[in-house]
Amino acid sequence: MGKYLELLNREKMPHHVAVIMDGNGRWAQKRGMPRLFGHRQGVETVERVVRACVKLGIAQLTIYAFSTENWKRPQEEVAGLMRLLVEYFDKKTDQLNEEGVRIQVIGDVEALSDLARQSIARAEEKTKNNDRLGLNIAINYGGRAEIVRAVKRIARQVQDGVVAPDDIDDEMISQQLYTKEFADPDLMIRTGGEMRISNFLIWQLSYAELWFTETYWPDFDIETLAQAVYAYQNRDRRFGGLKS
Ligand code: FPP
């Protein structure tokens, strides 16, 4: 067992972990391979991390698979990523279902192909009664777009006279986000060395502990996850208050 895995306090596990899975392209390029090879390897890491979360008792895992900005990548890479996602839903749902994983997709799925939407709908439907781990996959997701969507929905309610402007509060906005059923992430991990949020869960990460590693996503494993969780467990979370 790895050092950090051994050091973890099982009573203080984060409830919700969010991950920006960066570095697939660089991992592949370092090996003289096409970027998609890195993404394919990245899917293996997703499987590893899902299993690790189940084992460690983490209740929610939200991963950033495709952002609203990722459409700007070469068409071949976009198509390859979409294929990988569909393949993941089609091939892995049964196994995830047996392990008690509930799959949910967050983001604007209307813009995806019929094929992708059907795969997602099947995976969500099949796993909807599971409660061991919530696996939330962000696809065509952008934090700003999510907030714009929420504002429009609330504006319509105001227009219809159902909501008074003064009644708008944090909770009402949270209830209009894709993540309305989940508690906010406690810990956000970004691999690949960049230290930014990149439009990921910008509302929900307000009080999350952030942890960054140089490790490329394909090399991320249970010990690296344990290292992040260990760092989280040793932070002093005050939520704007004073030390207890
Ligand atoms: C960032 O690495 C990664 C992505 C944009 C895609 C992440 C997707 C996967 C890991 C595969 C699909 C996931 C699931 C849920 C099956 P990058 O390409 O920006 O890497 P770079 O910064 O090294 O170029």
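Residue positions within a chain follow its written sequence, with the count starting from 1. It should be noted that, the model being predicted, local features are given only for residues of pLDDT at least 70 and side-chain atom pairs only at 80 or more, the latter also being counted only at that level, while totals for whole chains, interfaces and linings use all residues. Excluded from the side-chain calculations are hydrogens and water; all other atoms, namely the structure's heavy atoms, are used.

1. Some points on the packing of aromatic side chains
Argument step 1. The pairing test for Phe, Tyr and Trp rings, Trp by its six-membered ring, is centres within 6.5 Å, and the orientation test on the planes gives stacked under 30 degrees, edge-to-face over 60, and tilted for anything in between. Inspection of the entire model under this criterion finds 10 aromatic pairs.
Argument step 2. Between W27 and F37, the ring centres sit 5.7 Å apart and the planes meet at 25 degrees, which makes this aromatic pair stacked. Of this pair, W27 sits in helix α2 (residues 24-30) while F37 sits in helix α3 (residues 35-56), and the two are 10 residues apart along the sequence.
Argument step 3. For every residue, the accessible area obtained with a 1.4 Å probe (protein chains only) is divided by the maximum for its type, and the residue is called buried under 20%, exposed over 50%, and partly exposed between those limits. The class for F37 is partly exposed, based on a relative accessible area of 31%. Strands are runs of DSSP state E lasting at least two residues, helices are runs of H or I lasting at least four, and both sets are numbered from the N terminus onward.

2. So, the nonpolar core
Most often, soluble globular proteins have nonpolar side chains that are buried together.
Argument step 1. The term nonpolar core refers to a set of buried residues drawn from Ala, Val, Leu, Ile, Met, Phe, Trp, Tyr and Cys, joined through side-chain atoms within 4.5 Å. Core analysis: the largest hydrophobic core is formed by 49 residues, its most contacted members being L61, F89, I137 and I139.
Argument step 2. It is helix α4 (residues 75-98) that contributes the most residues to this core, nine residues altogether.
Argument step 3. Every residue pair with non-hydrogen atoms within 4.5 Å of one another is taken to be in contact. For I139, the contacting residues outside a window of four places in its chain are A65, F66, L85, F89, V105, I106, G107, D108, L112 and I120.
Argument step 4. I106, A138, M188 and L205 belong to the second largest nonpolar core, which has 12 residues in total.

3. What to know about the pattern of salt bridges
Argument step 1. Any Lys or Arg side-chain nitrogen located within 4 Å of an Asp or Glu carboxyl oxygen qualifies as a salt bridge. Across all of its chains, the model carries 18 salt bridges by this definition.
Argument step 2. E125 is the partner of K128 in a salt bridge, and the nearest nitrogen-oxygen pair spans 2.8 Å.
Argument step 3. Taking the relative accessible area as the measure of exposure, E125 reaches 49% and is therefore partly exposed.
Argument step 4. The partner of E209 in a salt bridge is R237, and the shortest N-O contact between them spans 3.9 Å. Here E209 is found in strand β6 (residues 209-212), whereas its partner R237 is found in the segment after α8 (222-233), with 28 residues between them in sequence.

4. A short note on a positive patch on the surface
Argument step 1. Where like charges cluster on the molecular surface, the positive patch consists of K152, R153, R156 and K180.
Argument step 2. Inspection of the secondary structure assignment puts R153 in helix α6 (residues 143-159).
Argument step 3. Assessed through its relative accessible area of 34%, R153 is described here as partly exposed. Only residues whose relative accessible area exceeds 30% and that form no salt bridge are eligible for patches; like-charged ones are grouped when within 9 Å, while nonpolar side chains (Val, Leu, Ile, Met, Phe, Trp, Tyr) are grouped when within 5 Å. Under the convention used here, a 1.4 Å probe and the Shrake-Rupley method define accessible areas, while residue burial counts only the protein chains that appear. Positive: Lys, Arg. Negative: Asp, Glu. His and the chain ends are not part of the count. Charge positions are represented by NZ for Lys, CZ for Arg, CG for Asp and CD for Glu.

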